[in-house]
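Letter by letter, the chains look like this.
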Amino acid sequence: MADCKQTVQEFIQSTFNPVVAVLCSADAETLCRKNNLSFIELVQPFCRLTSEVHIRDPSNLSHAIHNLKVVLRDFTSSLPPQPLLARKMLNEMVGSCQPILGDTTAVMTGEYNLHITTATPWLEVYREAFLQFLPPADHEFTRNYLACIFVVSTNQADPLDMFRKLNQQQQHQTSQKVPKWFCPNIFKYYVLLHDITDGEESIAEAVYQSMKSTYGAHACHLLQINSCDPKTSQYTPDNMPDPWSQFINKKLNFLESLAEEELSTEMTAQGLQGSLPGEGQTDFPSSVMEASLSPDQPDGVLVSEAGFVESAAEAVEGMEPVLPSVASVEETVDHPLSPDFEELLQDLQEKQTSIPNNTVSEHPLTNNLEESIRSAKLHSNAEKAKQVPHGMCLTLSDHDRLRIFIHEFCVRGLLPYVEKQIRTLNDQLMSRKGIHRSLFSATKKWFGGNKPTGQSHNLQNLNIVYSHESPELQVRRLADLCFMFQMYELAYQSYHTVKRDFNNDRAWPYYAGALEMAALSIFMQGQNAQRPYPYHYMETAVSTYMNAAKMPQFAARTTLLSTEILKHYSMYGDAAMHFIKMTNEDSDMRSALLLEQAAYCFIRMQKPMVRKYAFHMILAGHRFSKAGQRKHALRCYCHALQVYRGRHWSLAEDHINFTIGRQSFNLKQMENAANAFKHLLTNESLQTETQQAAFVREFLFVYKQLLAQPDQEGSSMLAQLPLPLIDSSTIMTLVGSHPVDAPAGWTAATSVKFATHSVDMPIWEKLEDMVTNHLNPIDNTASLGHAFKSSMQCFSNKTSNVHYPLAVVGESIALSLELCNPLCIDLVMTNVSLIWRFIPVACGHDNVKQAETLSNEAGTSMECEACITTEIIQEYVVNGLKRNIMNLKLIPHQTGELHLVGLSYNLGMQVVHPSSDTKSNYPSSISVRGQQNLEVQGQRLNSTKIERAGRMYATDRRLDPVVVPSMPLLQVYFENISSVMLCGEVRQMNIELRNTGQSALKDVFLVSSHPEFYSFCASDVRNGASEKANDNVYAALSTDARDDFIVVKTYDWSAVCKVPLSADGIVPGATVRLPVWIRGPQASGVHAIHMLFYYQPHEPTSKLRHRVLKHKILLTTISSFSAQAIAFRRYSDWQEGLIVNLEAENVNQLQDSSITEISIAQVSCASKEWCLYPSNDTDLCGIKLNAREKVCLCCEAVKTAIQSDSTYFTNVFYSKERIDSALSPSFDLYNHFLHECNELSTSTHCIAVADHTANDKAKALSTAVQVGLTLIIFWKAFVVDDQGVSRTVVGQHHIAVDTVNIIYAAVPVSVPPAKPSLTFIKEFEEEEVTCERAPLVPVIMLQQLATYCIRHPALVHHDFHYNRLCVVRATVILHNCCDACLTVYISTAYSPHKSTAESLPMSSGQALQHIENMALDEFSWCGPSLMSLRLAARETAEVQMRACIVHPGVFNLSGFTVTASPESILSSVKLRSGRTTSSGREENVCPKNPIMQLAIPPSILIVQNTL
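Figured I'd write up the structure that's included with this text. In this text, all values refer to a predicted model and were calculated from it rather than measured experimentally.

Compared with the 21 Å implied by 1.5 Å per residue over 15 residues, the 21 Å span of helix α23 (residues 630–644) between its first and last C-alpha is a close match. Most of α23 sits out of view: 13 of its 15 residues are buried. Looking one or two residues beyond α23, the residue adopting positive phi is G646, at roughly 70°.

Here strand β52 (residues 1426–1431) shows a buried face lined by M1427, L1429 and L1431 and an unburied face lined by L1426, S1428 and R1430. Where strand β50 (residues 1382–1387) lies against β52, six bridges are found, and the strand directions are antiparallel. The partner of L1382 across the bridge, within β52, is L1431.

Moving on: the nonpolar core. In this structure, I12, L72, I149, F483, F485 and Y613 are the most contacted members of the largest nonpolar core, which totals 176 residues. In terms of residue count, helix α17 (residues 508–524) provides more of this core than any other element does, 13 residues in total. Beyond its immediate stretch of four places on either side in the chain, F485 contacts P18, I55, I65, L68, L146, L414, L415 and V418.

As a further point, take the state of the cysteines. Here, the word disulfide means a covalent bond between the sulfur atoms of two cysteines. Tallied over the full model, the rule gives one disulfide. The disulfide that involves C1422 links it to C1444, with 1.9 Å between the sulfurs. Classification of the bridge connecting C1422 and C1444 rests on its S-S torsion, roughly -50°, and on that basis the disulfide is left-handed. Of this pair, C1422 sits in strand β51 (residues 1420–1422) while C1444 sits in strand β53 (residues 1436–1445), and the two are 22 residues apart along the sequence. For C1422, a relative accessible area of 27% gives the class partly exposed. According to the relative accessible area criterion, C1444 is buried, its value standing at 13%. No disulfide involves C24; its nearest neighbouring cysteine sulfur is the one of C32, lying 5.8 Å away.

At a closest axis distance of 11 Å, the pairing of helix α5 (residues 121–133) and helix α19 (residues 552–568) adopts a crossing angle of 135°. Between α5 and α19, the crossing angle belongs to the class labelled oblique. For the pair α5 and α19, the sense of crossing is left-handed. Contacts from R127, F130 and L131 of α5 reach α19 at Q553, A556, R557, L560 and E564. Its residues assigned to classes, the contact of α5 with α19 comprises four nonpolar, one polar and three charged.

Here we take up the environment of A119. Summarising the element assignment, A119 is placed in the loop between β6 (112–117) and α5. Its relative accessible area of 22% is what places A119 among the partly exposed residues. Along the chain, A119 and T105 lie 14 residues apart, while their C-alpha atoms are 9.8 Å from each other.

On to the packing of helix α24 (residues 650–666) against helix α25 (residues 670–682). Helix-helix packing: each pair is described by the crossing angle between the helix axes and the interaxial distance. At their nearest, the axes of α24 and α25 sit 8 Å apart, and the two run at 160° to each other. As far as their axial angle goes, α25 and α24 are roughly antiparallel. At the point where α24 passes α25, the crossing takes the left-handed sense. Where α24 abuts α25, its residues D654, N657, F658, I660, G661, R662, S664 and F665 lie against M670, N672, A673, A676, F677, H679 and L680.

What follows covers the sheet that holds strand β19 (residues 868–870). In spatial order, the strands read β14-β12-β16-β21-β19; together these five strands make up an open sheet with antiparallel pairing. Each end of this open sheet is capped by a strand with a single partner; those strands are β14 (794–795) and β19.

Turning to the pattern of salt bridges, a few remarks are in order. Scanning all chains against the criterion turns up 37 salt bridges. Across the salt bridge formed by R557 and E140, the nearest N and O atoms sit 3.0 Å from each other. Remark: E140 occurs in the loop between α5 and β7 (145–153) and R557 occurs in helix α19; sequence separation between them is 417 residues. We note that R557, like E140, is buried. D956 is the partner of R958 in a salt bridge, and the nearest nitrogen-oxygen pair spans 2.7 Å. The class for R958 is buried, based on a relative accessible area of 1%.

Let us look at the pairing of strand β36 (residues 1121–1129). By the criterion of burial, β36 is predominantly enclosed, with seven of the nine residues buried. Bridge analysis of β36 against strand β37 (residues 1137–1146) gives nine bridges, and the strand direction is antiparallel. Bridge assignment links R1129 to a residue of β37, and that residue is L1138. Relative to strand β45 (residues 1304–1305), β36 runs antiparallel, the two sharing two bridges. Bridge pairing in β45 links A1125 to Y1304.

So, about helix α22 (residues 610–626). With 17 residues, α22 extends 25 Å from end C-alpha to end C-alpha; this agrees with the ideal 24 Å at 1.5 Å per step. Of all the 17 residues making up α22, twelve are buried; the element is thus mostly covered by neighbouring parts of the structure. Turning to α22, its buried residues are V610, Y613, A614, H616, M617, I618, A620, G621, R623, F624, S625 and K626. Just downstream of α22 lies G628, where phi reads positive at about 85°.

Before going further, it helps to examine the sheet that holds strand β41 (residues 1190–1199). The strand order β39-β41-β37-β36-β45 describes an open sheet built from five strands, whose pairing is antiparallel. At either end of the open sheet lies a strand with only one pairing partner, and these are β39 (1170–1174) and β45.

As for its position among the elements, P968 is in the loop between β25 (962–964) and β26 (970–975). The sequence separation of P968 and Q998 amounts to 30 residues, and the corresponding C-alpha distance is 5.8 Å. Dropping the residues within four chain positions of it, P968 is found in contact with N995, G997, S999, A1000, L1001, Y1095, P1097 and R1107.

A few words now on unusual backbone geometry. For the bond from L723 to P724, the omega torsion is -15°, close enough to zero to count as cis. Relative to the elements of secondary structure, P724 occurs in the loop between α27 (710–713) and β12 (725–735). The phi torsion at H648 lies on the positive side, around 65°, for a residue other than glycine. Of the residues examined, H648 reaches a relative accessible area of 82% and is grouped as exposed.

Turning to the packing of aromatic side chains, a few remarks are in order. Applying the stated criterion to the full structure yields 45 aromatic pairs. Between F150 and Y190, the ring centres sit 5.2 Å apart and the planes meet at 20°, which makes this aromatic pair stacked. Of this pair, F150 sits in strand β7 while Y190 sits in strand β8 (residues 187–195), placing them 40 residues apart in sequence. Take Y190: its relative accessible area is 4%, and that puts it in the buried class. Between the aromatic rings of F502 and Y510, the centroid separation amounts to 5.3 Å while the plane-to-plane angle is 40°, which identifies the pairing as tilted. Y510 shares its class with F502; the two are buried.

Reading guide: rules and limits
- Residues numbered from 1 in each chain as written.
- Predicted model: local features only at pLDDT ≥ 70, side-chain atom pairs only at ≥ 80, totals over all residues.
- Heavy atoms only, no water.
- Helix = DSSP H or I, 4+ residues; strand = E, 2+ residues; numbered from the N terminus.
- Expected span 1.5 Å × (residues − 1).
- Buried < 20%, exposed > 50% of the residue type's maximum accessible area, 1.4 Å probe, protein only.
- Pairing = 2+ DSSP bridges.
- Core = buried A, V, L, I, M, F, W, Y, C linked by side-chain atoms within 4.5 Å.
- Contact = heavy atoms within 4.5 Å.
- Disulfide = S-S within 2.5 Å.
- Axes fitted to C-alpha atoms, helices over the stretch in contact; angles between N-to-C directions.
- Parallel < 35°, antiparallel > 145°, perpendicular 65-115°, else oblique.
- Left-handed = near helix turned anticlockwise from the far one by under 90°.
- Nonpolar A, V, L, I, M, F, W, Y, C, P; charged D, E, K, R; others polar.
- Salt bridge = Lys/Arg side-chain N within 4 Å of Asp/Glu carboxyl O.
- Phe/Tyr/Trp six-rings, centres within 6.5 Å; stacked < 30°, edge-to-face > 60°.

Below, the structure written as structure tokens:
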């Protein structure tokens, strides 16, 4: 992660290499130019020694020098570049060095997974150039020239004279401040350059001998080159190595980029006064403009945006103004990079705006800059320069000669000279050491006081100037020599000695330099160091350079060196702090590089600090942007985005994405810019509405520029738009449903809608299944081919979408989706339409593709429009922070396979006027065309273990409808249907069926969740007669009908009703109108009535055999009439009969005057065994009930003599209107009610016989209490509506009486099933052993197996004076009520009234309790106390009994007990006793004794004494 190619030791060593000046004659340079190289370029690849050399210290100890390298520099161009040019060169070097694609490493820390660049070559380039451009300083000698090489060729007429002239030139320059020399008597080395192919070797040898005699053999060298003549030899670059390419190409690349930047600088200067181009332009300015679209300016014009804008002047470093003329500058600051020159430079920059252009151009510094740029442009033809080879005249032998030349220079010349200088300096210092210490110690003792050795608080620079021969500089010169030639211990001792003197003298540059080099000396000793590395030395050096010495360049150098050492010791936190401290406003480029390195230090810590890494990456990117380094700025922001993305740092993430978009746009990376701006819009933004509008404008503008690119113009695919968001879970497809407008007074069937498609889905599936099961016996079951599958019309995420939706040719396919706008501003979508792909398939040839795939992705065509008609929404506004539902439609005109791909539209925004803050009715002029794909996911599978373990989803085909041939399409209309009815109210209305499809339909079936709600009166129930009334709701009874009863054949009821149509059905476009009767439910409240119309075409297809139409009615019923009935057995004689008591009530409240009066018109009885007769003559004026009034009616039921499966209808009339209850609609409504009673329990006292009907013997016993009659009450009500209009409504109620002695109500009451209680296994097993598989029989049923009554005279006169004993004869009539044989026992031992009263209903029990409480006289029965007799099924018998009375009084002769025992049945049944066990379960016992029958009412006998 951000590692350098060099180690720390190599970096420090290369920073402080010995510098040697080269002074070359013109003929020597001409000789080197044969190889397209200068002399310095010629020897540059060989300046590092490959072998180890040695040097001796003053103690005559040998020290090894590894990888010694000398730096050769041209004497004539030794001046560093001007500050502006140097800064620009650094800028270009960093900009030309970019990371290698894929050169990243993954860092996983916590929940972060980051990809970080492995190397930062731009830092190494900057660091190398920065240290190279750093000028020599007075406080150090490491950058001073240590020696000088004079080069003269043998082509010179007098080489020795030329050496003399060059020597004089060097001596003349020594007196000046620049260049700086290490000492006055530098080492001079003389090189005679000889061209082997062009010169004579003898002459060269003679000159060389003269040189050695003049300058010495150690200071002379004969260098022979150009052994090969390119004109005569065949030179190929592949045959010879090219060691100069790594140096020459780097220079050429820099010069090329510099020339290009100069050309773009002029464009930048012009671009700063303008703005970005408009929509039709493709040229972009070179400057970094942070801007956004303004609503007040034309499209494409960018203006500054607060919060995200950096000025162009700050964004482009390198655009510093040129310097004006200066009258005089002090000699102490004559170099432009000296510390004091920085302040002057800032002052001059502030005044540059007031200086004319011609004045600026005349300044010598400006001319020097222009000449440098002009020379760079002349050598910037990179393609031409790279193609020219280097070293064409050199052979491998010449390479060896160059290598030997450098080696000889170092070993024979430079190193002995350095040894001598070190020894000389050391001796001079040792001789002066005693005098120096004594003199200065006495002075400091008397005048200086005891000052601390550290840096003083007073950091004022005293401008102390040491002489060249001062002891302090001599020590520093010795230390620098030792350091450059790797004698680090001696160097440290010297630095450590001299730093205290510099500190005492407050010579802060010298002091900081000594601290810096002392710390480096200890570090370079490595493991041989005798003391630890002094970290504080570097910190003090940096602060001294910055604060006291005012030399930020050297502070930056110290920071670069110290941070590498800290990173070497894994002290990344301290290194990061050093980097951060060096950031300032002086140089944006340097601050950006240091902040980036600080970020890498934070990520490389033992516990990575990820957020600090990201934060400093953002700071580095910002400074890179100000320095004009767009690519590096973009890279830093992209690295930081990895940390902030998806971490709920929305504002920081917005800033990063915005900057990435801007930088990408300026770099013409339109796709990356669009993606960055897209992220600003998709997330939940916390920005203000104004800022969000700016984001949208930026995105639209960049997106439009992206679409305008040449590579995008020819693309047929629309680009993806980020807004608005489409919630894929809400996508729904609706096929085969047309919303229609009903005529006035009519209500159309609701069909299927998006909002209510899944509310009652189980109910619709059940109703459709009922129709399918009903038609299976009629149609051929094999023709169906598969199991039942409901006809789905709406497909959503709540439905099973494994099957393809079936659409019909010519019918619409609707798509509903939810659009979410996460922004605060309104979005405008125009020209919205669905994108589809269609594969035509011929009718009757399934899965056979006939033509190529058609699609409207690239736009609509005539062929596409002929195939599918697509609806286009002209404008649709999605409000801010809202979720809107959009419905789109298309109509297919051909069979085939359709695939809904996406949504295409133009995206824009509403213009907000800043003055009025009002939104315009028209969208912004900036809009882009794009699309969004529609993607759905099926339901998650969870049936198998593999599906539960993994995330597996079912196939979802809701967006892939299959278009089938034309089918009939049914529309149903209801006339004057009301949403409010009275309970039991019956109305007649018309229903209209219309076929709007393209083919005829055959049959229509209707099924409803409430089958009792409607009737078509199509049942032919009585001898083919079906008489209906046109004006009245009910059919009137014919005059020739019998008065006693009407026999009706058995009618097979079915919940599926076939709508009466003609044999031809309904042809396309035809309409059929039918009457229908509806009845309000008997229970009050709101009822959801579901009606399913199931219809079939004449020619069904293989994929679609039938269709359905759904209609839902919400009906509110109001309580109007209530009734309840109970049936008792008659005890008057031996004939079997019932007394039916009917209680009716007008339940309307007194304060509610809507229902003024209810009258009972007729009570009918429908039964297979009973006929109903009035108990007395009835008044035909009607029974009228006002609010809260009740009436009790009593009727007699007599069993019919003929037993058959037919139903007997008997009527009891209470008005002159005679209703035929055996005809529709009353008969149909009765059948619906009867079917409902068979499925649901309609009474709270209903006996559950499901347990004992399975056994025939138990079923025979149940007939004892069964009644099986239904009362039909016809009533009429007078209603006044809200407008005061009165009307008469009629209705009917049904009461099913199943069992005697139980009250039944007209309103059904559902009894919730009892929760199963805890059972004990042991108790259950014992019970199973006692009565295994015995059906449960209620005790109350066994108590009514037989009925009896007693006949006796009511009044007896007896003379007790004549005869003390009065014997009264009584006859007991017994009747077997069940279909099994009984053994009946009569016991006169005790009275059963007390125990029987508990088991009878409330009214009977109260009567018996009253009789029990009466003071009756006692008597005795004559004869046996227990009598028995056998009764066959339904048999009646008489038993004679005698009562003995001894005194007159009132006697109850019913005081005996009757028990019954079914023959061979009691042993096979269990009794449901009603008691519970300890475990909470009902106790069931097996009967062992005869069951006591219900007691008859008291029979009173009055005996009077005859006087």
